[in-house]
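Fold and contact review
Spelled out, the chains give:
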Amino acid sequence: YVDDGAMMISTSTSTSTTRGDKICVCVRKRRLGPKEVLRMEHDAVTCLHPTATVHSARLRVDGISKYCDHNTFVFDHAFDEFSSTEDVYRHAARPLVRYVCAGGAAGGDGSGSGSGNGNGVPRGTVFAYGQTGSGKTYTMGGIQRMVAEDIFSILAGNGNGNGNGNNRLDGNSVKIGFSSEDTA
């Protein structure tokens with residue numbers, strides 16, 4: 001059974017990040033559900049940061065002999081079934097929030113002037129991709145809450161950012177957009 005969870009992808013549209021990376025790709029494995037456990041379904045994925053391995057039962061061409069095929073994929077971060085949404089946020093989204101709130105400065109020190117979209121406004125995107133029922137809504141709901149908490153905490157100068165209280169909004173408002181569209 002290979003319903004291994006949602007793929008988390010966070011992106012920064014700026015050219016100025018800590019390591020020069022623009023995209024961070026993460027995977028989160030979900031636990032088997034109670035019905036899957038009752039049906040004694042096989043847990044076919046192993047996550048050991050930074051890899052996710054898919055184990056597939058196969059039959060040889062003779063149609064009798066069985067074997068297990070293992071395909072390993074490397075990600076920027078792999079979260080196992082025991083990782084919390086806070087763990088996912090801390091590694092996949094928080095660096096992006098700090099980057100955007102710091103005005104596009106690498107490291108989130110507030111000293112830079114990132115140029116995420118050509119007009120001096122840093123932007124970032126976090127999205128989840130995966131099979132229906134793989135935990136995208138569950139994970140993204142928690143991440144959205146933590147993003148909002150961190151943005152307002154940073155802008156108030158209460159921590160998680162540069163902490164100097166000099167953060168400000170350009171203009172009179174801040175726009176935070178969340179979308180939970182399901183294309184399935």
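Let me begin by describing the structure that accompanies this report. (Residues numbered from 1 in each chain as written. Predicted model: local features only at pLDDT ≥ 70, side-chain atom pairs only at ≥ 80, totals over all residues. Heavy atoms only, no water.)

1. Observations regarding the overall build of the protein
Our working definition: The way it works is that DSSP assigns letters per residue, a run of H or I at least four long becomes a helix, a run of E at least two long becomes a strand, and they are numbered from the N terminus. Three exposure classes are used, based on accessible area relative to the maximum for each residue type with a 1.4 Å probe and protein chains only: buried under 20%, partly exposed in between, and exposed over 50%. Whether two residues touch is decided by their heavy atoms; if any such pair falls within 4.5 Å, the residues are in contact. Per-residue and other accessible areas follow the Shrake-Rupley method at a 1.4 Å probe size, with only the shown protein chains counted as cover for residues.
The helix and strand inventory of the protein stands at 3 helices and 7 strands. Its helices and strands in sequence order give the protein the pattern β-β-α-β-β-β-β-α-β-α, from N to C terminus. Out of the 184 residues belonging to the protein, those deemed buried represent 34%. In the protein, 56% of the contacts between residues at least 6 apart in sequence involve partners at least 24 apart. Accessible area of the protein: about 11,300 Å², with a carbon and sulfur share of 52%.

2. A few points about the environment of Lys66
Looking at the element boundaries, Lys66 is found in strand E5 (residues 66-74). Setting aside residues up to four positions removed in sequence, Lys66 forms contacts with Arg58 and Leu59.

3. Some details on the packing of aromatic side chains
Heads up, the condition is: Any Phe, Tyr or Trp ring, taking Trp's six-membered ring, that has another such ring centre within 6.5 Å forms a pair; planes under 30 degrees apart are called stacked, those over 60 apart edge-to-face, and the others tilted. For a ring to carry a charge above it, either NZ of a lysine or CZ of an arginine must fall within 6 Å of the ring centroid while also lying within 35 degrees of the normal to the ring plane.
Here the structure, examined in full by the defined rule, presents 0 aromatic pairs. The residue whose ring lies beneath Arg60 is Tyr67, and the NZ or CZ to ring-centre distance is 4.5 Å.

4. Topic: the pattern of salt bridges
Keep this limit in mind: The rule for a salt bridge is simple: a side-chain nitrogen of Lys or Arg has to be within 4 Å of a carboxyl oxygen of Asp or Glu.
Applying the stated criterion across every chain, the model contains 8 salt bridges. Two residues, Arg90 and Asp87, come together in a salt bridge whose shortest N-O distance is 2.4 Å. Separated by 3 residues within a single helix, Arg90 and Asp87 lie in helix H2 (residues 85-101), roughly one turn from each other. On the accessibility criterion, Arg90 (40% relative accessible area) is partly exposed. Shared partners join several salt bridges into a network, and the residues in it are Lys29, Asp43 and Glu81.

5. Examining the nonpolar core
Test applied: For our purposes a nonpolar core is just a set of buried Ala, Val, Leu, Ile, Met, Phe, Trp, Tyr and Cys residues, chained together by side-chain atoms within 4.5 Å.
Counting 15 residues, the largest nonpolar core has Val88, Tyr89, Val97, Cys101, Ile143, Val147 and Ile151 as its most contacted members. Listing elements by their share of this core, those giving two or more residues are H2 and helix H3 (136-155). No other element matches the 7 residues that H3 contributes to this core. Within the second largest apolar cluster, 7 residues are counted, among which are Val27, Cys47, Phe75 and Ala78.

6. Regarding the sheet that holds strand E4 (residues 51-59)
Note the threshold: A strand pair is defined by DSSP finding two or more bridges across the two strands. Think of each axis as a best-fit line through the C-alpha atoms, taken over the contacting stretch in the case of a helix, with angles from 0 to 180 degrees between the N-to-C directions.
As summarised here, the arrangement of the 3 strands in space is E3-E4-E5, forming an open sheet in which the pairing is antiparallel. Both outer strands of the open sheet, strand E3 (45-48) and E5, are each paired with one neighbouring strand and no more. Between one strand axis and the next, the sheet turns through 20° on average, direction left out of account. By the bridge criterion, 9 bridges tie E4 to E5 in an arrangement that is antiparallel. Bridge pairing in E5 places Ser56 opposite Asp69.

7. What about the side chain of Thr85?
Condition: A 3.5 Å cut-off defines polar contacts: any pair of N or O atoms within that distance qualifies, except that in protein one atom must be a possible hydrogen donor and the other a possible acceptor, and neighbouring residues in sequence count only when both atoms are side-chain atoms.
Here Thr85 lies in helix H2. Residue classification places Thr85 among the buried positions, given a relative accessible area of 8%. Polar side-chain contacts of Thr85 include one of 3.1 Å to the side chain of Arg28. Contacts of Thr85, omitting those with residues within four sequence positions, involve Arg28, Tyr138, Thr139, Gly142, Ile143 and Met146.

8. A closer look at the packing of H2 against H3
Quick reminder of the rule: Reported orientations rely on four angle classes, namely roughly parallel under 35 degrees, roughly antiparallel over 145, roughly perpendicular from 65 to 115, and oblique for the rest. Handedness of a crossing follows from how the near helix is turned relative to the far one, being left-handed for an anticlockwise turn of less than a right angle and right-handed for a clockwise one.
It is at 9 Å that the axes of H2 and H3 come closest, and there the two elements cross at 40°. Relative to H3, the element H2 lies oblique. Crossing angle aside, the handedness with which H2 passes H3 is right-handed. On H3, the residues that touch Thr85, Glu86, Val88, Tyr89, Ala93, Arg94, Val97, Arg98 and Cys101 of H2 are Tyr138, Thr139, Gly142, Ile143, Arg145, Met146, Val147, Asp150, Ile151 and Ile154.

9. A look at the environment of Val27
Here Val27 lies in strand E2 (residues 23-28). The class for Val27 is buried, based on a relative accessible area of 5%. Taking the C-alpha atoms as reference points, Val27 and Gly130, 103 residues apart in sequence, are found 9.7 Å from one another.

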